[in-house]
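# Coordinates in review
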Amino acid sequence: MANSIRYFVGNWKMFGVPSSYSIIEKFESHFRKDKKNNKKYKIIIAPPHTLLQDFSQKFKYKKISISAQNCHYKDNFGAHTGHISPYMISKLGVKYIILGHSENRASGDTDSIIKQKVELALKNNFVVIFCIGENKLEKRKNRTLNVLKKQLHNVLNKKLNEKNIIIAYEPVWSIGTGKLPTSAELAHSINYIKSNLSKIFKKRIPPVLYGGSVDSNSIYLFKNISVIDGFLIGGASKSPKNFIDIIKNFYK
Ligand code: 13P
């Protein structure tokens, strides 16, 4: 069974300027009006680092939460030019952080680096949105489940606070491509992830989101897969209409 609250998380990646807060205001306004369903879901938006301070202040007393997209893996302060630590982000009032995204894995994040990031972020009281997923070649070689298992077990362990962890399953081949897993494949992978999580964390299983080409059409495919606890949305989270339509169509 899916956890009761569903998450709609927007990952803006390298997008946004200060005036883009008006996009999030539209999400907020939809959320407030959506009295019928708004107790069933939570919206989290991850703008780039440049906007975190401004947006986390603007949305401090609002319904939508702001997330960071990445951080450095060690130290609060240090000789790491161009990087920022979870400690520094936490001082902005930001509570969520995406870690292990495949785009960061592609530019050097190994499981061992991601593990350090997750531990440091949890120490700084973040809720971590930890991304995993197989690439095209791994899928073609039928290695999906092995890859997911390895990514989970290399980073998570029972000592971590599972209440502050959300998993995002993002098949790399589906990100930004319009290619989708079948319902059966997706349900199978999510169930497999959950069974691994229940081996790691005995008490409570973290929610598991799906990400990869989620839009207002593909959401119809996903809404019937009850084990999905929410969605990590890239491209479609940059437009008020597209993002709000995803939520509307999910609850239609
Ligand atoms: P798209 O929704 O653009 O496929 O991106 C998914 C993603 O990478 C979210 O983190």
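Before reading on, note that the structure itself is shown above.
This text gives an overview of the structure that appears in the document. Treat the numbers as computed from the prediction; the structure is a model and nothing was measured. (Residues numbered from 1 in each chain as written. Predicted model: local features only at pLDDT ≥ 70, side-chain atom pairs only at ≥ 80, totals over all residues. Heavy atoms only, no water.)

## Things to note about the state of the cysteines
The cut-off we apply is this: Only a pair of cysteine sulfur atoms within 2.5 Å counts as a disulfide in this structure description.
Using the criterion set out here, one finds zero disulfides in the structure. Take Cys71: it sits in no disulfide, and the sulfur closest to it among the cysteines is that of Cys131, at 12 Å.

## Let's talk about the sheet that holds strand E3 (residues 65-68)
What holds strands together in a sheet is hydrogen bonding between their backbones, with the strands either parallel or antiparallel. This is how the line gets drawn: Any two strands with at least two DSSP bridges between them are considered paired. Numbering of helices and strands starts at the N terminus; helices are DSSP runs of H or I of at least 4 residues and strands are runs of E of at least 2. Geometry is summarised by axes, namely lines fitted to C-alpha atoms with helices restricted to the contacting stretch, and by angles between N-to-C directions that run from 0 to 180 degrees.
Ordered by their spatial adjacency, eight strands build a closed barrel running E1-E2-E3-E4-E5-E6-E7-E8, and the pairing between neighbours is parallel. Each adjacent strand pair in this sheet contributes to an overall mean axis angle of 25 degrees, direction not counted. Two elements, strand E5 (residues 127-132) and strand E6 (residues 165-169), share five bridges in a ladder whose sense is parallel. Pairing of Phe130 across the sheet is with Ile167, part of E6.

## Things to note about helix H8 (residues 183-200)
The test is simple: By definition here, a helix of n residues has an expected span of 1.5 Å times n minus one. With a 1.4 Å probe rolled over the protein chains alone, any residue whose accessible area is under 20% of its type maximum counts as buried; one over 50% counts as exposed, and the rest are partly exposed. We call two residues in contact when some of their heavy atoms are within 4.5 Å.
The end-to-end C-alpha distance of H8 is 26 Å, a good match for the 26 Å that 18 residues give at a rise of 1.5 Å each. For H8, every residue scored as buried is listed here: Leu186, Ser189, Ile190, Tyr192, Ile193, Lys194, Asn196, Leu197 and Ile200. Tucked inside the fold, the buried residues of H8 contact E5, helix H7 (144-155), E6, strand E7 (208-211) and helix H9 (219-222).

## Here we look at the site of the ligand
For clarity, the threshold we go by: The nearness test applies per residue and asks whether one of its heavy atoms lies within 4 Å of the molecule or strand. Polar contacts, as used here, are pairs of N or O atoms within 3.5 Å; protein pairs need one atom able to donate a hydrogen and one able to accept it. Residues neighboring in sequence count only if both atoms are side-chain atoms. The protein chains shown are the only cover counted for residues, whose accessible areas, like all others here, come from Shrake-Rupley with a 1.4 Å probe.
The environment of the ligand is made up of 13 residues, and the closest members are Lys13, Glu170, Gly176, Ser213 and Gly234. Between the ligand and the protein, one listed contact pairs an oxygen atom with a side-chain N or O atom of Asn11 at 3.0 Å. One nitrogen or oxygen atom from the side chain of His101 is found 2.9 Å from an oxygen atom belonging to the ligand. For the ligand, the accessible surface in isolation is 310 Å², of which the surrounding protein chains cover 94%.

## Some remarks on a positive patch on the surface
Which entries qualify depends on this criterion: Each patch is assembled from residues with relative accessible area greater than 30% and no salt bridge, linking like charges that lie within 9 Å and nonpolar side chains (Val, Leu, Ile, Met, Phe, Trp, Tyr) that lie within 5 Å. Salt bridge, as used here: a side-chain nitrogen of Lys or Arg that lies within 4 Å of a carboxyl oxygen of Asp or Glu. Charged-residue counts in this description rest on Lys and Arg as positive and Asp and Glu as negative, His and the chain ends being excluded. Every charge is mapped to an atom, namely NZ of Lys, CZ of Arg, CG of Asp or CD of Glu.
A cluster of basic side chains, namely Lys136, Arg140, Lys141, Arg143 and Lys179, defines a positive patch on the protein surface. Looking at where Arg143 falls in the secondary structure, it is placed in the loop between helix H6 (136-140) and H7. The partly exposed category is assigned to Arg143, whose relative accessible area is 36%.

## As for the nonpolar core
Cut-off, in case you're wondering: Nonpolar cores were defined as sets of buried Ala, Val, Leu, Ile, Met, Phe, Trp, Tyr and Cys residues, with membership established by side-chain atoms within 4.5 Å.
Core analysis: the biggest nonpolar cluster contains 60 residues, and Phe8, Leu156, Ile167 and Phe231 have the highest contact counts within it. Looking at this core element by element, the count peaks at six residues for helix H10 (residues 240-251). For Ile167, the residues in contact, after removing those within four places along its chain, are Phe130, Ile132, Leu152, Leu156, Ile193, Leu197, Pro206, Pro207, Val208 and Leu209.

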